[in-house]
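# Topology and contacts: notes
Letter by letter, the chains look like this.
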Amino acid sequence: MEEQKFETKVVHAGVHPDPTTGAIMTPIFATSTYVQTSPGKHKGYDYARLDNPTRTALQEALAALEGGTYALALSSGVTGVDMMCHLLDSGDHIVSVDDVYGGTSRLFRTIWARHGVSTTFADLTNKPVSDFATPKTKLIWVETPTNPLLKIIDIKKVCDWAKKQNPRPLVVVDNTFATPYFQNPFELGADVILHSTTKYLNGHSDVIGGALIVKDKELRERLFHIQKSMGGVPSPFDAFLVLRGIKTLAVRMKRHEENAIEIAKFLEKHPKVEKVLYPGLESHPQHAVAKQQMKGYGGMLTFFIKGNLDNARKFLESVKVFALAESLGGVESLVDHPAIMTHASIPKEIREARGVTDGLVRLSVGIEDIADLIADVDQALVKA
């Protein structure tokens, strides 16, 4: 039988009818421990921090969707960032994209720097990773599209360079924005894929979760050792919610993209908008790279309002369908002010030097009717 199409995988991957009842949905195994028939003899599970049948189903689904071999479901996306850093030793070095999620930047700068792990935040859109790496570089952190400026990093180019190095640094791709529906980092040479499953994979703004997906067994064992030692596991209910959300991932992502491109085009022509950043627009600086390595452009877009912080604040306070809230990737449309909200932990001078200014607004475009979304953005811009 030929390999199933993505739209079929999201519905069936990792999910099997319950052998006891025949239930088509994976049960929520709410248990902390498992009975053993004899010391060390059990049915594959002994303690729920190590594993859980609901979590197992989610991990099988995540690995299948990304084309990986193993997945570890986590308590949050930043848990995955932290676990990758636990692979490093004091004195090691990370090259990270400069425009990176605020929580990732904070972890690198304020936690792991104290333990002797240094990070260079680099613009990898116009300079090769070799310009920033050192002999101590053990990790290359790629987020693409980036958060919040939606820069597109050439994954294959980064991975091709990394594979020629000795010792070879691991390349991690945060695929949260694109999802496996639009982008497949393993096909481009990545070693690890990270997700905040809070976002598009779950898609309903009702769970916090994360995941690491790998192809190498030894790497999986190293990461699993870290996870079982430090915790950071999702609850069975959280695993169930993400499994449920994944079933509609394909249809949701298609609608997110359809709406986002229409809003991006609308904003490009609006007199109160200075600039729009959306990978699907030909005006995007890395549109050609996005077209080459992505199957679509996603539901996230950023734009700059003309004026100052007061203009942006008036817009943010005037939206009615869009909700002013952190996070992204839910079925509902959200609007965020990165400088004050999601990226406030990054020092202002660094933030502004990278382009995260007071006029920048980030939209997570939902699946509502496009006419209502455009009307909402329009009426709020009138007041800005």
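Each remark here, short or long, concerns the structure printed above.
This write-up is about the structure you can find in this document. Note that the structure is predicted; figures quoted are calculated from it, not measured.

## Some details on helix H5 (residues 155–163)
Since there are 3.6 residues in each turn of an α-helix, residues three or four apart along the chain are aligned in direction. Within the sequence span of H5, burial applies to Ile155, Val158, Cys159 and Ala162. When H5 is viewed along its axis, its buried side chains cluster within an angular range of 95° and face the same direction. Where H5 is buried, its residues contact strand S4 (137–143), strand S5 (170–174) and helix H10 (287–293). Near the N-terminus of H5, the side chain that reaches the backbone nitrogen of lysine 156, with its oxygen 3.3 Å away, is that of aspartate 154.

## Describing the state of the cysteines
Using the criterion set out here, one finds zero disulfides in the structure. This cysteine, cysteine 85, is not joined by any disulfide, and cysteine 159 carries the nearest cysteine sulfur, 18 Å off. Judged by its relative accessible area of 0%, cysteine 85 is buried.

## Remarks on the side chain of glutamine 59
Along the chain, glutamine 59 falls in helix H2 (residues 53–66). For glutamine 59, the residues in contact, after removing those within four places along its chain, are Asp51, Ala71, Leu72 and Ala73.

## Side note on the pairing of strand S2 (residues 93–97)
The element S2 is largely enclosed, with a buried count of five among its five residues. In this sheet, strand S3 (residues 118–122) lies alongside S2 in parallel orientation, the contact comprising five bridges. Bridged to serine 96 within S3 is phenylalanine 121. Two elements, S2 and S4, share four bridges in a ladder whose sense is parallel. Bridge pairing in S4 places serine 96 opposite tryptophan 141.

## Points about the environment of leucine 281
With respect to the helices and strands, the residue leucine 281 is situated in the loop between strand S8 (273–277) and H10. Given the relative accessible area of 5%, leucine 281 is considered buried. Note: C-alpha distance between leucine 281 and isoleucine 261 (20 residues apart in sequence) is 7.7 Å. In contact with leucine 281, not counting residues within four places along its chain, are Ile261, Ala264, Lys265, Glu268, Val276 and His287.

## What to know about the nonpolar core
Formed by 63 residues in total, the largest nonpolar core has its most connected members in Leu267, Leu301, Phe303, Phe315 and Leu363. Residue contributions to this core peak at eight residues, all from helix H9 (residues 249–268). What phenylalanine 303 contacts, discounting residues up to four positions off in sequence, is Leu267, Val273, Lys275, Val276, Phe315, Gly359, Leu360, Val361, Leu363 and Leu381. If you look at the next biggest cluster of nonpolar residues, it comprises 43 residues, including Ala122, Trp141, Val158 and Val172.

## What about the packing of aromatic side chains?
All told, the structure shown has eight aromatic pairs when counted by the stated rule. When the ring of phenylalanine 6 is compared with that of tyrosine 181, the centres are 5.6 Å apart and the planes differ by 55°; the resulting orientation is tilted. Of the two residues, phenylalanine 6 sits in helix H1 (residues 6–12) while tyrosine 181 sits in helix H6 (residues 179–182), which places them 175 residues apart along the sequence. Like phenylalanine 6, the residue tyrosine 181 is buried in the burial classification. Ring centres 5.6 Å apart and planes at 85° place the aromatic pair phenylalanine 108 and tryptophan 141 in the edge-to-face group. Pair noted here: phenylalanine 108 is in helix H4 (residues 102–111) and tryptophan 141 is in strand S4, with a separation of 33 residues, a long-range link. Phenylalanine 108 gets classed as buried once you look at its relative accessible area, which sits at 1%.

Parameters and conventions
Residues numbered from 1 in each chain as written. Predicted model: local features only at pLDDT ≥ 70, side-chain atom pairs only at ≥ 80, totals over all residues. Heavy atoms only, no water. Buried < 20%, exposed > 50% of the residue type's maximum accessible area, 1.4 Å probe, protein only. Helix = DSSP H or I, 4+ residues; strand = E, 2+ residues; numbered from the N terminus. Arc of directions from axis to C-beta. Contact = heavy atoms within 4.5 Å. Polar contact = N/O pair within 3.5 Å; in protein donor to acceptor, adjacent residues only side chain to side chain. Disulfide = S-S within 2.5 Å. Pairing = 2+ DSSP bridges. Core = buried A, V, L, I, M, F, W, Y, C linked by side-chain atoms within 4.5 Å. Phe/Tyr/Trp six-rings, centres within 6.5 Å; stacked < 30°, edge-to-face > 60°.

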